Each structure stands twice: as C-alpha cells, then as structure tokens.
Amino acid sequence: MEIKIDSKGYYGEFGGTYVPEILLSNVENLKKAYYEAIDDDDFKKEFETLLRDYVGRPSPLYYANRLSQKYGAKIYLKREDLNHTGAHKINNTIGQILLAKRMGKTRIIAETGAGQHGVATATVCALMDMPCVVYMGALDVARQRPNVEKMKMLGATVVPVQSGNKTLKDATNEAIRDWCCNPRDTYYIIGSTMGPHPYPEMVAKFQSVISQEIKKQLKEKEGRDYPDTLIACVGGGSNAAGTFLNYLNEKRTKLVAVEAGGLGIDSGETAATMHCGTTGIIHGAKTLLMQDNDGQIIEPYSISAGLDYPGVGPLHSHLFKTGRMKVYAVTDDEALKAALDLTRLEGIIPALESAHALAALEKMKFEKDEVVVLTVSGRGDKDMDTYLNHFSK
Ligand SMILES: *Cc1c(COP(=O)(O)O)cnc(C)c1O
C-alpha cells in the first residue's frame, strides 16, 4: 500500500488536528499558506538558495571506511552535523521562517529539547530580524548550557519551563499556551514532525532535502540511487522523516528507526515511545505516546535531551504499525559507547541523539556489501559536558 497523507492530515490512523478552538483558524490559515508556498517558484528558490549559501548544503555523504570494516557493510554517513548550527534542525527553521514572513507574522515562538531547534530558530530570527521566544525545560536549560548561551547571544528570549519533568514535553505545552494567547501576530515554529496537521507533513517536507541529496549522492557513488538500508534516530521524527521521505515507497530500501531506550525499555526510565506507547493525543495529533491507564502521560527519560519526549510523529507511528519501518531501542550506555566508537574510528564526535542511531549497528546483521546510509543528525559539541562526565569515570 502506498504511504501518503490524506486530506485531513492522517497517515493511516495517526495524525489529524486536535487543537483548542481558538487555534483552529490559525491552523487552517497555516495550511493554506503552506500549500501555496510550496507551489510557488519564488518561495522554492529562496528556500533552496538559503539552504545552499547559508546552511552549506548539500551536506556530504561520507563513506566511513573503518566503520564499514567493523560492521561488514558499506556504511555511508549523511553529515547533517556539518550544517550551520550543527544539526538538521536548520533545514526546517529556514522553511518555516520564510513561511512566517509570507504570512505577515511579526513574532516567533518555539519549543526546544537539546536546544538545537532553539538555536536554529534563534538563528533564522536574527537573519530575518524577528523577535524570538524559546521555551525550554529547566532540566534541559541546565544540561545544554552552550546552546542556551548561543540563543541568548542571537537575541532570543529563553524561558525555562518548571512544570512536569522539565523537558521537551513541558516546553511544548508552554509554547502551545503562548500561541493560544497570541494567535494573531505569532508564528509557532515547531521543531519536529509532530503537532497538528500540517506541521508533521510540512516539517517532513522541509527536511526531505536530506533524502533528495542521498539519492543524487548514492547514484554518483554506487551507481544506484537507493540504499539497502537507511538508519536514523527518532525523537519527534524529523531527521528520520527527512532521511526516509523519498524512499517511503521504495520497496528495496529497509527503513530503520532508533529511539531512546534510556535505562531500558522495561525500566520505567525510557523514551522508547514506539516500544512502550499506545494510541492517544499529544500536542495536537493522534499518535503513539507513553501513557498510563488513565491517559496520563508517563514522564520520559533519556540521557539525550533531543530524544527525551513521550510521543513520536504520526508518520512514524504509521510506518511502525504497518511494519514498513523497523524500530530499535538503544540505552544511554549503548549510545555513549557508540559515540566514543565513532569518534575513535572516524574522527567524528556525534550528537548523543545521533549516537543512538550508530548504536543500532551493533544490533543489526548485514549482508556483505550491503549499502547502508546512516544520518548523523548533529554534532557533539553541545554534549561535551555529558561525554566528559561519563568517560572520565
Ligand atoms: C532534535 C534532534 C534530534 C531529534 O529530533 P528529530 O525530530 O527526531 O530528528 C536528533 N538529533 C539531533 C542532533 C537533534 O538536535
């Protein structure tokens, strides 16, 4: 069956628009503006020009020789860590700030976990001269200090959120609250493939430049434009969606997603939403989420702030439930080990989130000469405190 979104914003049973009444017309206007924009040549040209000259795209597809030897497959790394601001998040914020401008919005808000989306949003707000407020869980403010300082230097206001377990979910709640209070002038730049329709579709679209480039680059390097296996980590799902989007209906390509197991999927301290979740509604969409029998959200846990979220985007819930995508859960310790491995084998210090994707290589079996593309979603600079703490023990 072909995988695509329907006119109401559902992938199979997941997605939709579950927002307070006051935001309905906002979401409707956004949908209209988005569909117009992506059909407009001027919009496309401005987006592509900024991706090239400002973000530094295309990002390299790097053949990782020593990593390949270790696992007995041909492993290519899609280097989103080399983008301006250090992760894939900037692809999406460029698209959405252009849309916000087009819609005549004058104020930008965002949520952030690891701070990468906050930095990417503060960056495009500086670029476009727009005021910017970033909501961030207080725990994340503490564990991602370099990114908090960058946001402030870029001119953004960072609001630490004290509710819940003080991470991404709580920051998202607060951003939605702000949007409800300021529906007219404010544009909410969501950082992942979550939220009400059209956000999941829109974020996937802006990130799909990743798989467009993989197609071209693989054709040059391997003589065919599809890999046998694609691997990406999943928090809300945007780097994975970008990596997979142009291959969703390519039967020859296996899709592998890696979520954060935390201390283990049975430990109660986990963010493995697809392993542990059931269908419910979170932040505007029907999707898989971790909840108790009363529908109360179970607080997630991961060492990686960017994966520490109790839900996952509706596209991923659908890919998982239909069996199109295989999902692994990787623990904190496995991710830390994989981060050190990549650093010593290839001289690349990955983000902790990306290290989860790398750790899945240990759990997989490959055919000889199997072509694998793994997206390195970001660089490890923001995680140096965590790495140093752990590796000096
Ligand atoms: C935010 C982030 C993630 C997780 O978000 P997705 O939307 O699932 O991609 C992964 N890696 C890095 C480096 C991030 O900053």
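Residues numbered from 1 in each chain as written. Predicted model: local features only at pLDDT ≥ 70, side-chain atom pairs only at ≥ 80, totals over all residues. Heavy atoms only, no water.

Participant: Even after reading the chapter, I still don't get the sheet that holds strand E5 (residues 107–112), so can you show me in this structure?
Facilitator: Backbone-to-backbone hydrogen bonds pair the strands of a sheet. The strands run either parallel or antiparallel. Across the sheet, which stays open at both edges, the four strands sit in the order E7-E6-E5-E8 with parallel pairing between neighbours. Of all strands in the sheet, those with a lone pairing partner are strand E7 (157–161) and strand E8 (186–188), marking the two edges. The sheet shows a mean angle of 25° between the axes of neighbouring strands, direction not considered. Bridge count for E5 against E8 is three bridges, and the pairing is parallel. Of the residues in E8, the one forming a bridge with Ile-108 is Tyr-187. (Pairing = 2+ DSSP bridges. Helix = DSSP H or I, 4+ residues; strand = E, 2+ residues; numbered from the N terminus. Axes fitted to C-alpha atoms, helices over the stretch in contact; angles between N-to-C directions.)

Participant: Just checking my understanding: could you explain the sheet that holds strand E14 (residues 371–376) for this structure?
Facilitator: Ordered by their spatial adjacency, six strands build an open sheet running E3-E4-E14-E9-E10-E13, and the pairing between neighbours is mixed. The open sheet has two edge strands with one neighbour each: strand E3 (61–63) and strand E13 (325–331). Taken over all neighbouring pairs, the strand axes of this sheet differ in orientation by 25° on average, direction set aside. In this sheet, E14 lies alongside strand E9 (residues 229–233) in parallel orientation, the contact comprising three bridges. Across the sheet, Leu-230 pairs through a bridge with Val-373, a residue of E14. Packing of helix H15 (residues 352–359) onto the sheet brings it into contact with strand E4 (74–79), E9, strand E10 (254–262), E13 and E14, and relative to E9 it is tilted by some 145°. (Contact = heavy atoms within 4.5 Å.)

Participant: Got a minute to help me understand the packing of aromatic side chains in this structure?
Facilitator: Aromatic ring pairs: the centre-centre distance and the angle between the two ring planes describe each pair. If you walk through the whole model with that rule in mind, you get nine aromatic pairs. The interplanar angle of 35° and the centroid separation of 6.3 Å between the aromatic rings of Phe-43 and Phe-206 together place this pair among those described as tilted. Of this pair, Phe-43 sits in helix H2 (residues 41–55) while Phe-206 sits in helix H9 (residues 199–207), and the two are 163 residues apart along the sequence. Each member of the pair, Phe-43 as well as Phe-206, carries the same accessibility label: buried. When the centroid spacing of 5.9 Å and the interplanar angle of 20° are considered together, the rings of Tyr-387 and Phe-391 count as stacked. Residue Tyr-387 and its partner Phe-391 are located together in helix H16 (residues 384–391), separated by four residues, close to a single helical turn. A residue is classified by how much of its surface remains accessible, and Phe-391, at 34% relative accessible area, is partly exposed. Cluster of aromatic residues (ring-pair linked, three or more members): Tyr-34, Tyr-35, Phe-43, Phe-47 and Phe-206. (Phe/Tyr/Trp six-rings, centres within 6.5 Å; stacked < 30°, edge-to-face > 60°. Buried < 20%, exposed > 50% of the residue type's maximum accessible area, 1.4 Å probe, protein only.)

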